There are 2 protein chains.
Amino acid sequence: MKRVKLIVAYDGTEYCGWQVQPNGITVEGVLNQHLSELLREPIQVIGASRTDAGVHALGNVAVFNTSARMPAEKISYALNTRLPADIRIQDSREVPPDFHPRFCETRKTYEYLILNRKFPDPTKRLYSLFYYYPLDVEAMQRAADMLVGTHDFKSLCTAKPEVENTVRTIYSCEVLPEGEMIRIRIRGNGFLYNMVRIIVGTLIRIGSGYYPADHMEKILEAKDRQAAGETAPAHGLTLVKIEYPESEGSLQPLA
Amino acid sequence: MKRVKLIVAYDGTEYCGWQVQPNGITVEGVLNQHLSELLREPIQVIGASRTDAGVHALGNVAVFNTSARMPAEKISYALNTRLPADIRIQDSREVPPDFHPRFCETRKTYEYLILNRKFPDPTKRLYSLFYYYPLDVEAMQRAADMLVGTHDFKSLCTAKPEVENTVRTIYSCEVLPEGEMIRIRIRGNGFLYNMVRIIVGTLIRIGSGYYPADHMEKILEAKDRQAAGETAPAHGLTLVKIEYPESEGSLQPLA
């Protein structure tokens, strides 16, 4: 028996999110099906991040146990020949038997793309939010800087009854203009439900001049979801990577 | 009666190319249908470039005559509310009655994207060619430089019986590495059938070390399609823009 860690990239457009559910095709469900067929035994993966419907990933992580003889490093290639084109394994390797993708210290990086121009670009529509009104990227960056550090993000998440602790640490939040595209890249030790999408919706309000940049501090202080902006749509969001501690080291807090 | 010029962007994934055909949905056909409904008269556009199935565009050009009262500048907005999400008008304006999008001197710019990495990225799969083997971008650029100027491109096109003159002028051909993506941008006064895709297929052979860079000159001299590389797949190709002379000026040949 060995434990295998997969790095999984997917286009979330056609999926009802990561997690298996009764009414709809999910990334986790497709992985379970094709892994079970490939390895000739029932496989159930454990995912690191249960991304919502429409959210994309370049580096989500899934872990499973198998008694199959196939070397862990070959599973990526073999699985990719079976998977639909909108899911592709980026890496497969053996990990210690006690490795759990959720219950350990990690750093997650998300990116959100905003296409800020006069007309939509059809070739960008599936992976970015089209936004017509001009955005003040410098004001957005000033507001984003106020998120860095350890804060109570209660104002910037959708409440879930089972989540009591809404304190998280953000290591960086960059607002990067790239021509007509604005890339918001955020790295933290964990994200609450809808947190990145609500941060983006709030940054868009600030970029549009609806709030001044330093209003972000007041939003954090309010500890009230009503104080923040809308939840930005799912299709602009991509889970870029999840960093784990090396087997004997620890994560660099700000690296 | 006025003549209106549209700049048309589309994701070519779901279309059987630009030109109306009996068995399949085309960009031209969808534009004719929605323009006719919007303007309440039968409209047939004339396209500048009849892109193949799967090819994308940010700036193809279509022209039509209409007696409708709607100002030309408003047609872009009104039409975009009706069109499917994979077609978006970028500009609409009145042009002189004798303006024809094909029978005048133009500069066309195409881009081809190659994703050169170990595993495919599902979020890039619709707009770039995935290529596993490492590519030598400098060799590709040296070969691309040999295409600049006025040459007989008979080796680098698919023959069409009605096209006798295979001499064209290329103003620039850049091979631009952008992380794991390679962007090939080519600007010329006209392109023969499949010419950009055959140039890209040949540059990939050179980048893989199958031919040396200066073999590109021998390929041009051969005037034989068999001398060149494969036709690269359609989905990596985008028609970026078409430049027309200003009403009283002329195009800058190398601008």
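Chains are numbered independently. Their residues run from 1 in the order of the written sequence. Chains and ligands are labelled sequentially in the order written, the chains with letters from A and the ligands with numbers from 1. Since the coordinates come from a predicted model, pLDDT governs what is reported: local features require at least 70, and pairs of side-chain atoms require 80 or more to be given and counted, while whole-chain, interface and lining totals use all residues. The side-chain quantities take in all heavy atoms of the structure and omit both hydrogens and water.

**Some details on the interface of chain A and chain B**
And then number 1: Residues count as neighbours in contact if any of their non-hydrogen atoms are within 4.5 Å of one another. Contacts between the two partners involve 26 residues from chain A and, on the opposite side, 26 residues from chain B.
And then number 2: Values labelled buried area give the accessible surface lost by two parts on being combined, using a 1.4 Å probe and summing over both. The contact between chain A and chain B buries some 2,000 Å² in all, and 61% of this surface belongs to carbon and sulfur atoms.
And then number 3: One side-chain nitrogen of Lys or Arg within 4 Å of one carboxyl oxygen of Asp or Glu is enough to make a salt bridge. In this structure, the connection of chain A to chain B is made through 2 salt bridges.
And then number 4: Any N or O atom pair separated by 3.5 Å or less is treated as a polar contact, with the protein-specific requirement of one donor-capable and one acceptor-capable atom, and with residues adjacent in sequence counted only for side-chain atom pairs. Along the contact surface separating chain A from chain B lie 6 residue pairs in polar contact (both at pLDDT 80 or more).
And then number 5: Secondary structure elements with two or more residues in the side of chain A that touches chain B: β1 (2-10), β3 (56-66), α2 (72-80) and β4 (87-95) of chain A.
And then number 6: Numbering of helices and strands runs from the N terminus; a helix is a DSSP stretch of H or I covering at least four residues, while a strand is a stretch of E covering at least two. Counting residues per element, the side of chain A that touches chain B draws most heavily on β4(A), at 5 residues.
And then number 7: Only Asp, Glu, Lys and Arg are considered charged, only Ala, Val, Leu, Ile, Met, Phe, Trp, Tyr, Cys and Pro nonpolar, and every remaining residue, Gly among them, polar. Split by residue class, the side of chain A that touches chain B holds 13 nonpolar, 5 polar and 8 charged.

**Thoughts on the relation of the copies chain A and chain B**
And then number 1: Of the transformation placing chain A onto chain B, the axial shift is 0.0 Å and the rotation is 180°, giving an RMSD of 0.0 Å. The relationship between the two copies is best expressed as a two-fold rotation axis.
And then number 2: Residue by residue, 100% of the interface of chain A is reproduced at the interface of chain B, so both copies engage with the same surface. Superposition of the copies used a least-squares fit over C-alpha atoms from residues whose pLDDT is at least 70 in both.

**Details of the packing of aromatic side chains**
And then number 1: Under the pairing criterion, centres of Phe, Tyr and Trp rings, with the six-membered ring standing for Trp, must be within 6.5 Å; the plane angle then separates stacked pairs below 30 degrees from edge-to-face pairs above 60, leaving the rest tilted. One pass over the structure, following the stated rule, counts 14 aromatic pairs over all chains.
And then number 2: Ring centres 5.0 Å apart and planes at 45° place the aromatic pair Tyr77(A) and Phe119(B) in the tilted group. Of this pair, Tyr77(A) sits in helix α2 while Phe119(B) is found in the loop between β5 (107-116) and β6 (129-131), placing the two residues in two different chains.
And then number 3: On the basis of relative accessibility, which here comes to 39%, the residue Tyr77(A) falls in the partly exposed class.
And then number 4: With a relative accessible area of 5%, Phe119(B) lands in the buried category.
And then number 5: On the basis of an interplanar angle of 65° and a centroid distance of 6.2 Å, the ring pair of Tyr131(A) and Tyr133(A) is categorised as edge-to-face.
And then number 6: Each residue gets one of three labels from its accessible area relative to the maximum for its type: buried under 20%, exposed over 50%, partly exposed in between, using a 1.4 Å probe on protein chains only. Tyr133(A) sits in the exposed class, given a relative accessible area of 52%.
And then number 7: The positively charged end of Lys160(A) is found above the aromatic ring belonging to Tyr193(A), 4.4 Å away from the centroid. Any Lys NZ or Arg CZ that is within 6 Å of a ring centre and within 35 degrees of that ring's normal is treated as a charge sitting over the ring.

**Some thoughts on the pattern of salt bridges**
Residues and elements named next belong to chain A.
And then number 1: Applying the stated criterion to the full structure yields 25 salt bridges over all chains.
And then number 2: Here Glu111 makes a salt bridge to Arg185, at a shortest N to O gap of 2.7 Å. Placement of the pair is Glu111 in strand β5 (residues 107-116) and Arg185 in strand β9 (residues 181-188), with a sequence separation of 74 residues.
And then number 3: Exposure remark for Glu111: the relative accessible area of 11% places this residue in the buried category.
And then number 4: Taking the shortest distance from any N to any O, the salt bridge between Glu180 and Arg117 comes out at 2.9 Å.

**Some remarks on the state of the cysteines**
Residue and element names in this part refer to chain B.
And then number 1: The rule for a disulfide is simple: a pair of cysteine sulfur atoms within 2.5 Å. Within the structure shown, the criterion is met by 0 disulfides over all chains.
And then number 2: Here Cys173 stays unpaired: no disulfide links it, and the sulfur of Cys157, its closest cysteine neighbor, is 16 Å away.
And then number 3: A relative accessible area of 3% means that Cys173 is categorised as buried.

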